[in-house]
Structure formats: structure tokens, C-alpha cells
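Observations on the model geometry
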Amino acid sequence: MSYYFAIIGTQDNPLFEYEFGTSKQGGDGVARFPEQARHMNQFIVHGSLDIVEEVQWANGSMYLKCIDRFYNNFVSCWMTGGNVKFLLLHAPSQPAATTTTRTSIANPTSPQTEEAIKQFFTEVYENWIKAIMSPFYHVNMEARSPIFRQRVVAAGKKYL
């Protein structure tokens, strides 16, 4: 699978962006979004913000699961207490062969995938809290910390 992760601030401004591929099942960690559709990732994620605002009031948890679908791309969301949104766009790779193990792993709505995404969001959230507790951080400021980026990369490799 290919992933595009974005942290969106309270004013719907991007605070952090990262694109990566799966590291599980022999993946190399490189995103495999089609070149002609790669620029659409930001639009798809920002287009799902309206759905996030509707779902956040109906659901009492921070993890909102898979909230939107755009063709073969799925958007999952995590809401922080400060109304900062973690959005993960995930697109299943096109399998070369159709086997039962490959389709269960590539299914973006399977319980295993949902649990892996939830664990990824949980770890990123813990690191986000540590990053914004810096006295130099201001609300809705872009996250530029290389340590935070390294921890997001490590969480992506660990869970996705």
C-alpha cells in the first residue's frame, strides 16, 4: 500500500506532510501512487475535512476509522483534543497475483489494517504531544522538527 499522511491544523492548514509506502510483506517503504495522480493527494485529504467535521460529533473516540473513499483511495482520521486532525490517505497496491493472503493484507478496510492504522495514529499522537509541548511551538505552526519526522517515519515502518 501507499500512504500519504497529513496533520491538519485548526484552521485547516497543513502542519505536516509525509508520503511513504508499506514496509511490511517485503515492501521497500516507497510510495507507489500513480505519477499522474500524486498531486491529487492533498486535494483528496482536504476534501475529506467536511466529512471529518460531521463524523467527529457522532463518534466519541479520537480514532474515526476510515471516513472517506475517493476511487481506490481511502482516508482514515484521528482527532486530537485540540481539534488537530491526523489524516492518512491509503491506496492499496495493485496485486500482481490474486491470492487470499495478499488480498487480506491489501484490503484497506480489514480489521488488521484498521488496527495497524490505529496503532500508527496512537504512536504519532504521542510524539505529536511531545513536539507541541516545546516552548517554541505555537498553535497552528508547521511541525519542522527533524526528530518528529524521524519518529513518524519509524512508526510508519513499524505498523504500516
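Residues numbered from 1 in each chain as written. Predicted model: local features only at pLDDT ≥ 70, side-chain atom pairs only at ≥ 80, totals over all residues. Heavy atoms only, no water.

1. Side note on the overall build of the protein chain
Within the protein chain, the secondary structure is distributed over five helices and five strands. Going from N to C terminus, the protein chain has its helices and strands arranged as β-β-α-α-β-β-β-α-α-α. Within the protein chain, the proportion of its 160 residues that are buried is 42%. As displayed, the protein chain offers around 8,900 Å² of accessible surface, 55% of which is attributable to carbon and sulfur atoms. (Helix = DSSP H or I, 4+ residues; strand = E, 2+ residues; numbered from the N terminus. Buried < 20%, exposed > 50% of the residue type's maximum accessible area, 1.4 Å probe, protein only. Areas by Shrake-Rupley, 256 points an atom, 1.4 Å probe, with all protein chains shown as cover.)

2. Things to note about the confidence of the model for the protein chain
When the pLDDT values of the protein chain are averaged, the result is 84; 86% of them are 70 or greater. Predicted confidence for residues 97-105 stays below pLDDT 50, and this span has seven contacts to residues more than four positions away or in other chains. (pLDDT = per-residue confidence, 0-100. Contact = heavy atoms within 4.5 Å.)

3. Some remarks on the environment of Glu-17
Topologically, Glu-17 is positioned in strand S2 (residues 14-21). The class for Glu-17 is partly exposed, based on a relative accessible area of 31%. Taking C-alpha positions, Glu-17 is 9.9 Å from Leu-88, a pair spaced 71 residues apart along the chain. Beyond its immediate sequence surroundings of up to four residues, Glu-17 is in contact with Tyr-4, Phe-5, Ala-6, Gln-42 and Arg-149. A polar side-chain atom of Glu-17 sits 2.6 Å from a polar atom in the side chain of Gln-42. (Polar contact = N/O pair within 3.5 Å; in protein donor to acceptor, adjacent residues only side chain to side chain.)

4. Some remarks on the pairing of S2
Pairing geometry for strand S1 (residues 2-8) and S2, over seven bridges, is antiparallel. Residue pairing for S2: Ile-8 is matched across the bridge by Pro-14. The antiparallel hairpin formed by S1 and S2 contains five residues in its connecting segment, where Asp-12 sits at a positive phi of about 60°. (Pairing = 2+ DSSP bridges.)

5. Some remarks on the pattern of salt bridges
Opposite charge on two side chains allows them to pair when their charged atoms are near. All chains considered together, the criterion is met by two salt bridges. Lys-85 serves as the salt-bridge partner of Asp-12, at 4.0 Å between the closest nitrogen and oxygen. Here Asp-12 is found in the loop between S1 and S2, whereas its partner Lys-85 is found in strand S5 (residues 85-91), with 73 residues between them in sequence. Owing to a relative accessible area of 35%, Asp-12 belongs among the partly exposed residues under this scheme. Two residues, Lys-158 and Glu-123, come together in a salt bridge whose shortest N-O distance is 3.7 Å. Of this pair, Lys-158 sits in helix H5 (residues 146-159) while Glu-123 sits in helix H4 (residues 111-132), placing them 35 residues apart in sequence. Glu-123 sits in the buried class, given a relative accessible area of 19%. (Salt bridge = Lys/Arg side-chain N within 4 Å of Asp/Glu carboxyl O.)

6. Concerning the nonpolar core
The biggest cluster of nonpolar side chains holds 26 residues, and the ones touching the most others in it are Phe-5, Ile-7, Phe-86, Leu-88, Phe-120, Phe-121 and Trp-128. Only S1, S2, S5, H4 and H5 provide two or more residues apiece to this core. A total of six residues in this core trace back to one element, the largest contributor, which is H4. (Core = buried A, V, L, I, M, F, W, Y, C linked by side-chain atoms within 4.5 Å.)

7. Some details on the side chain of Asn-127
Relative to the helices and strands, Asn-127 is located in helix H4. Taking relative accessible area as the criterion, Asn-127 reaches 9% and is therefore assigned buried. Engagement of the side chain of Asn-127 in a polar contact is seen with the backbone oxygen of Glu-123, the distance being 3.0 Å. Those residues within four positions of Asn-127 in sequence are excluded, and the remaining contacts are Phe-148 and Arg-151.

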